[in-house]
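Topology and contacts: notes
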Amino acid sequence: METLPGRLDEPQEPAGARLSEDDRALVADDGRTEPRWWELDERSVSLLQTILRWSVDGLAVVAVTVFVLLQLGPRNLLRDTIPTGGDMGAHVWGPAYLRDHLLPHLRLSGWAPDWYDGFPAYHFYMVVPALFIVALNVGLRGWAALLPMAAVIAALVLGRRQPVRSWRRRSLYTAAAVIALLGIGVPYAVAFKLISVAGLLTLPLAVYVFGRMLKLPFPTPALLTVATLVFLFNTQPPNNTGNIIGGNVTSTLAGEFSFSISLTFAVLYLGVLIAGLRTGRYRWQGAVLLALTGLCHVIPLIFALIATVTALAVWPARARLRWLATTLPVGGLLTAFWFVPFVGQRAYSNDMGWEKIPASLGHLHVWDLFSGDHKAVRDEVIKQFLAPKSLWWVLAFAIVGFVISVVLRIRAGLWLGITALVMAVAFIEAPEGRLWNARLLPFYYLLLCLLAALGVAELVRAIALLCARQPERPVFAVNALAPVLALGVTLLVVGLPLMAFDHLGETRTADGSFALGPFSMSADANPAPSWAQWNYSGLENQSTGPGDQTGGKNYVEFHDLIATMQQVGSDRGCGRAMWEYDGPRLERYGTPMAPMMLSYFTDGCIGSMEGLYFEASGTTPFHFVNQAELSTKCSCAQRNLPYSGFDINLGVKHLQLLGVRYYLTATQQATTAAANHPDLTEVASSGAWHVYEVRNSALVEPLANEPAVVTSENTGADWVYGQSNPHTAPVGHPKADGPAMSWYTDPSQWNVFVAADGPASWPRVAPREQAPVRPVAATTVSAITSGDDSVSFDVSQVGTPVLVKVSYFPNWQVDGADGPYRVAPNLMVVVPTSTHVRLHYGTTNIDRLGWLLTLAGVALVVLLARRPSLAMPGAETTSSERLVGFLTAPTRQHVEPPPDG
């Protein structure tokens, strides 16, 4: 028998005699202690498990992201075609206007004359997603792109040679990123498409990072990533509401891509938040991510702030409050350049009157739903919104996750559950206002998915421990296989209603079920892939669409209309156009909003009275009144307005009042009425469309009488709605009876304009009071010129009020006149003090204050980055340790550990 070198006279001990008790159990029957050829030492096992862990995590992130990408149609995303569909088709206008008109003047927001008689672009709508599109679009293309690519490579190589944490290395890497972003460009349409889906494609990775930042044990982060599939392809609540609430795929394709981008930043912020509350680090990162959340969309910011409050409640400590006190204000300051003007001038925005859902919820509160008198409402809220049938299994696992979190005191699970409950309550309690309560549901659904994944992960980890010989050594294979199995099951459940496996033989049975081999499920079809195909195949490929019985090339029809308007602008002059709303015909162009793109396709020559950013202009409600008068069947998108039926005479008067130069008809009724109207002259036609020029619609004209200043109801929504409101008119009260709307719908009052403000010499009247007639000296207006953000003209007589048919906004300033003053409906009046008058869209003190605060925020970010981490409460036992203790408590004494940090 061979022995180890040693003294020959040393007595030999039996094999295993010197081994520890635990090691003896591993000794082979023949007494050998050497590992067999297939056995690995502890270090090798640890390394292998680490590699497998990262592989499983990577598989989850990559598989989910690729699956989402495949449903969006990567080939169409890279085609240089103009995206369309829903709001998406009109969103195309915005970043292009930012690129071509605002940024060259060093502005992130400014005046745009293209919609609603002009409106403040990106003043009431988030600008950062548009900046992403512009950044991806600008730069060199083709062979010329090799130059910036070479510069990027050079910067990376030089940076690699610098010390790891040196400022030179960071500067070179930053320069490489900036050159890559701004130096290499892609076509505008492709850039738009890629950014529009960026939130969807980055959310799985963001959720994975979120799980890692929370220090959730393997395999929880991977399972969280898999759960995002359920959220992204969720279409609840029913009746298509879930397709427009935000965050999911269909909402994004409907135009809510800013929301999905913001949600990604919100998830990253929350991960950094919890890591910061645990370690005292990441303050400047938290501030930047919070700012990006708000600058991409306001509603996810509300969710992020609510989750911040609940996080402090779950992880209370004075030091953590200090972390928040030095992070949140800095994030707020970074957003000030946009939020300060947004809040300070919100009275000049429009309220579309979104209706709270369900309508039966009305003004009820959460505690009212526990009453037997409101059982029907409670059942509707629960069954259709908080616990729809298709999400029962998610809710069940979420409840399991929350219960386990309570038992094991897993603070992450407690936080997710409490925040989900708060969002559910907020959905019920949110008053009927500008914030549509349905927009709070995406966060509730996302939290349920994450909590369900956490519950599954804890069950899997418990099984891995129970199957182990030693509780401290869970069976790794169980934990590793769980995300793979969960991924397969989730792909099947989510993918079948998408018909994602049709190339593998998936079929749709006669009863509506989806079948793939031995698997079958009954579910409503998910429209996401068809919507993506419709949107991203492009405006140029809309050959057949809803309501099209001709099989004709719809793009050809739309293209011819655009070409006709280009020619009209060249021959007759540029100006605004009011187009008849003909829903079925417009849908065939890819979206009923297609004519909103008149300005985009005519290089700003022909503007559209209707635009996408409904809330951004105080002229919006008056446009929709016009739409009802000039369309045989209007969209009438804004609620609680005094809509009339088709009335060509009143409609044309309104066009003249608003300075609209062209009127486009498509239906036989509107075309016949327009042809017989004395103030309309047909100047062109294209297919079913007829183009009429409107007489007496000059952009600037003198007034015959002094305006009268309304002493009350002259600000905010009162200007339009008066004693009513945009949402639900009081019983027995007329709709929208504010001074401006009452004046606008009664031409007998038009001899005297009513104003929200004006010189002391102008008469004062109460709302809806007959204004006195005070004639003024006659004057002649000439030499009218207009640009993107300016209007100039000459007058023959100073002191006579002059009407400028451009939407009012406080940023308008005037040289050579007093004013401008806001007059009904939402136009401007100036009183010339010189024979030459020039109005221009300028900068107010509110704008300057916003930028000053943002600069202060940038300085504080730099300061936070240089400050040391805050001291936080000591580390506490992990959920893994508590799970071991919980499962082994019956077999050994166990001291209850403190809660997880």
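Along each chain, residues carry numbers from 1 onward, in the same order as the chain's sequence is written. Owing to the predicted nature of the model, reporting of local features is limited to residues with pLDDT of at least 70; listing and counting of side-chain atom pairs is limited to 80 or more, with chain, interface and lining totals taken over all residues. The basis for the side-chain values is all heavy atoms of the structure; hydrogens and waters are excluded.

**Some thoughts on the overall build of the chain**
The helix and strand inventory of the chain stands at 33 helices and 21 strands. Relative to the globule expectation of 29 Å for 901 residues, the C-alpha radius of gyration of the chain, 33 Å, shows essentially globular dimensions. Referenced to the eigenvectors of the C-alpha coordinate spread, the extents of the chain come out at roughly 130 × 70 × 65 Å. When burial is assessed residue by residue, the chain has 53% of its 901 residues classed as buried. Here a strand is any run of E in DSSP of at least two residues, a helix any run of H or I of at least four, and the numbering for each starts at the N terminus. Note on method: radius of gyration uses C-alpha positions; expected globular size equals 2.2 Å times residues raised to 0.38. Partly exposed residues are those whose accessible area sits between 20% and 50% of the maximum for their type, while under 20% is buried and over 50% is exposed, using a 1.4 Å probe and protein chains only.

**As for the state of the cysteines**
Defined by distance alone, a disulfide is two cysteine sulfur atoms within 2.5 Å. The final tally for this structure, using the stated rule, is two disulfides. There is a disulfide in this structure between Cys634 and Cys636, and the S-S distance comes to 1.7 Å. Measuring handedness by torsion sign, the sulfur bridge of Cys634 and Cys636 sits at about -45° and is left-handed. When the cysteines engaged in disulfides are numbered in sequence order, the chain pairs them as 1-2, 3-4.

**Some points on the pattern of salt bridges**
Should a side-chain nitrogen of Lys or Arg be within 4 Å of a carboxyl oxygen of Asp or Glu, the pair is scored as a salt bridge. By the definition in use, this model includes 13 salt bridges. In this structure, the salt-bridge partner of Arg585 is Glu557, at a minimum N-O distance of 2.9 Å. Here Glu557 lies in helix α24 (residues 554–572) and Arg585 lies in helix α25 (residues 583–587), a separation of 28 residues in the sequence. Where salt bridges share partners, they join Glu557, Asp582 and Arg585 into one cluster.

**Some thoughts on the packing of aromatic side chains**
Stacked, tilted and edge-to-face are the three classes assigned to paired rings of Phe, Tyr and Trp, where Trp is represented by its six-membered ring and a pair needs centres within 6.5 Å; plane angles under 30 degrees give stacked, over 60 edge-to-face, the rest tilted. Under the defined criterion, the tally for this structure stands at 41 aromatic pairs. Arranged with centres 5.4 Å apart and planes meeting at 35°, the rings of Trp111 and Tyr841 form a pair that is tilted. Separated by 730 residues along the polypeptide, Trp111 in strand β1 (residues 110–112) and Tyr841 in strand β21 (residues 836–841) bring together distant segments of the chain. The residues Trp111 and Tyr841 share a single accessibility class, namely buried. With a centroid separation of 6.0 Å and an interplanar angle of 35°, the aromatic rings of Phe210 and Trp415 are classed as tilted.

**Examining the packing of helix α6 (residues 128–137) against helix α14 (residues 283–296)**
Working convention: axes come from line fits to C-alpha atoms, limited for helices to the stretch in contact. Angles between N-to-C directions cover 0 to 180 degrees. For the pair α6 and α14, the least separation of the axes is 7 Å and the interaxial angle reads 95°. Put simply, α6 runs roughly perpendicular to α14. Judged by residue contacts, Val128, Pro129 and Phe132 of α6 engage Leu292, Leu295 and Cys296 from α14. Tallied by class, residues from the contact of α6 with α14 come to six nonpolar, no polar and no charged. Geometric relationships in this document are graded by angle, where less than 35 degrees denotes roughly parallel, more than 145 denotes roughly antiparallel, 65 to 115 denotes roughly perpendicular, and other angles denote oblique. Note on contacts: a residue pair is in contact if any heavy atoms of the two residues lie within 4.5 Å. When residue character is reported, Ala, Val, Leu, Ile, Met, Phe, Trp, Tyr, Cys and Pro are called nonpolar, Asp, Glu, Lys and Arg charged, and the others, Gly included, polar.

**Here we look at the pairing of strand β9 (residues 680–686)**
In this scheme, strands are said to pair when DSSP sees at least two bridges between them. Sheet analysis places β9 next to strand β10 (residues 689–694), joined by six bridges and oriented antiparallel. Looking at β10, one finds that Ser686 is bridged to Trp689. Following β9, the chain reverses through two residues before pairing antiparallel with β10; Gly687 in that reversal takes a positive phi of roughly 60°.

**Observations concerning unusual backbone geometry**
Negative phi characterises most residues that are not glycine, and trans characterises most peptide bonds. Between Phe218 and the following residue, Pro219, the backbone shows a cis peptide bond with an omega angle of 10°. With respect to the helices and strands, the residue Pro219 is situated in the loop between α10 (198–213) and α11 (220–232). Phi angles above zero are rare outside glycine, and Met499 is one such case at about 55°. Assignment of secondary structure puts Met499 in the loop between α22 (476–495) and β3 (507–508). In this model, Asn696 sits at a positive phi of 55°, which is unusual for a non-glycine residue. Mapping Asn696 onto the fold places it in the loop between β10 and β11 (700–702).

**Considering the sheet that holds β9**
Pairing is mixed across the open sheet formed by five strands, whose spatial order is β7-β6-β8-β10-β9. Here the strands that pair on one side only, and so sit at the sheet edges, are β7 (606–608) and β9. Along the sheet, successive strands turn relative to each other by an average axial angle of 30°, direction set aside. Where strand β6 (residues 575–579) lies against strand β8 (residues 662–665), three bridges are found, and the strand directions are parallel. Paired with Ala577 across the strands is Tyr662, a residue of β8. Where helix α28 (residues 648–658) meets the sheet, it contacts β6, β8, β9 and β10, and its direction lies at approximately 60° from that of β10.

**Considerations on the nonpolar core**
Looking at soluble globular proteins, one finds that nonpolar side chains tend to be buried together. What makes a nonpolar core is a set of buried Ala, Val, Leu, Ile, Met, Phe, Trp, Tyr and Cys residues whose side-chain atoms join them at distances within 4.5 Å. Residues Phe233, Trp415, Tyr663 and Phe793 are the most contacted members of the largest nonpolar core, which totals 247 residues. Per-element accounting of this core gives the leading share, 16 residues, to helix α21 (residues 441–466). In this structure Tyr663 touches Met578, Leu630, Phe646, Ile648, Leu655, Ala670, Ala674, Leu680, His690, Val691, Tyr692 and Val694, once residues within four positions along its chain are discounted. With six residues, the next largest nonpolar core counts Ala291, Val330, Leu334 and Val861 among its residues.

**Things to note about the sheet that holds β21**
Read from one edge to the other, the open sheet built from four strands follows the order β15-β16-β21-β18, with strand pairing classed as antiparallel. The strands lining the two open edges of the sheet, one partner per strand, are β15 (781–786) and β18 (812–815). For this sheet, the mean inter-axis angle between neighbouring strands, taken without regard to orientation, is 15°.

**Structural notes on the side chain of Ser262**
Counting through the fold element by element, Ser262 comes out in helix α13 (residues 257–279). Those residues in contact with Ser262 that sit more than four places away from it in its chain are Thr293, Cys296, His297 and Pro300.

**Let's talk about the side chain of Thr419**
Relative to the elements of secondary structure, Thr419 occurs in helix α20 (residues 411–429). For Thr419, a relative accessible area of 1% corresponds to the buried category. Throughout this description, a polar contact denotes any pair of N or O atoms lying within 3.5 Å of each other; where both atoms belong to protein, one of them has to be capable of donating a hydrogen while the other can accept it, and for residues adjacent in sequence the pair is counted only when both atoms sit in side chains. In this structure the side chain of Thr419 is engaged in a polar contact, spanning 2.7 Å, whose partner is the backbone oxygen of Trp415. Residues contacting Thr419, with those up to four places away along its chain left out, are Phe303, Ala307, Thr310 and Leu447.

**Details of the confidence of the model for the chain**
Do not read the fine detail of predicted coordinates wherever pLDDT is low. Confidence of the predictor at the level of single residues is given by pLDDT, which spans 0 to 100. Looking at the chain, pLDDT values average 89 and 92% of them are 70 or higher. Below a pLDDT of 50 lies the segment residues 1–32, which in the model reaches 12 contacts outside its immediate sequence neighbourhood of four places, other chains included. Every residue in residues 892–901 scores below 50 in pLDDT, and together they form 29 contacts with partners more than four places removed in sequence or on other chains.

**Thoughts on the packing of helix α17 (residues 336–344) against helix α32 (residues 845–866)**
At a minimum axis separation of 7 Å, α17 and α32 run at an interaxial angle of 150°. Viewed along their axes, α17 and α32 adopt a mutual orientation that is roughly antiparallel. The two elements α17 and α32 meet at a crossing, and its hand is right-handed. Between α17 and α32, the contacting residues are Ala336, Phe337, Val340, Pro341 and Gly344 on the first element and Ile846, Asp847, Leu849, Gly850, Trp851, Leu853 and Thr854 on the second. Partitioning the contact of α17 with α32 into residue classes produces eight nonpolar, three polar and one charged. Two helices that cross are described as forming a left-handed crossing if the nearer one is turned anticlockwise from the farther one by less than a right angle, and a right-handed crossing if clockwise.

**Topic: helix α2 (residues 42–72)**
For α2, spanning 31 residues, the distance from its first C-alpha to its last is 45 Å, which sits close to the expected 45 Å at 1.5 Å a residue. Where α2 is concerned, the buried positions are Val56, Asp57, Ala60, Val61, Val64, Thr65, Phe67, Val68, Gln71 and Leu72. Tucked into the core, α2 has its buried residues touching α3 (74–77), α10, α11, α12 (249–253), α22 and α23 (528–536). Among the residues trailing α2, Gly73 stands out with phi positive, at a value near 80°. In this scheme, a helix's expected span is set at 1.5 Å multiplied by one less than its residue total.

**Considerations on helix α8 (residues 167–183)**
Under the 1.5 Å per step criterion, the end-to-end length of α8 is 23 Å for 17 residues, consistent within 8% with the ideal 24 Å. Taken together, the buried positions of α8 are Arg169, Ala176 and Gly183. Buried residues of α8 fall within an arc of 100° about the axis and therefore sit on the same side. For α8, exposure combined with an orientation more than 90 degrees from the buried face picks out Trp167 and Arg170. Lining the buried residues of α8 we find α7 (146–160). Read the arc as the range of directions from the helix axis to the C-beta atoms.

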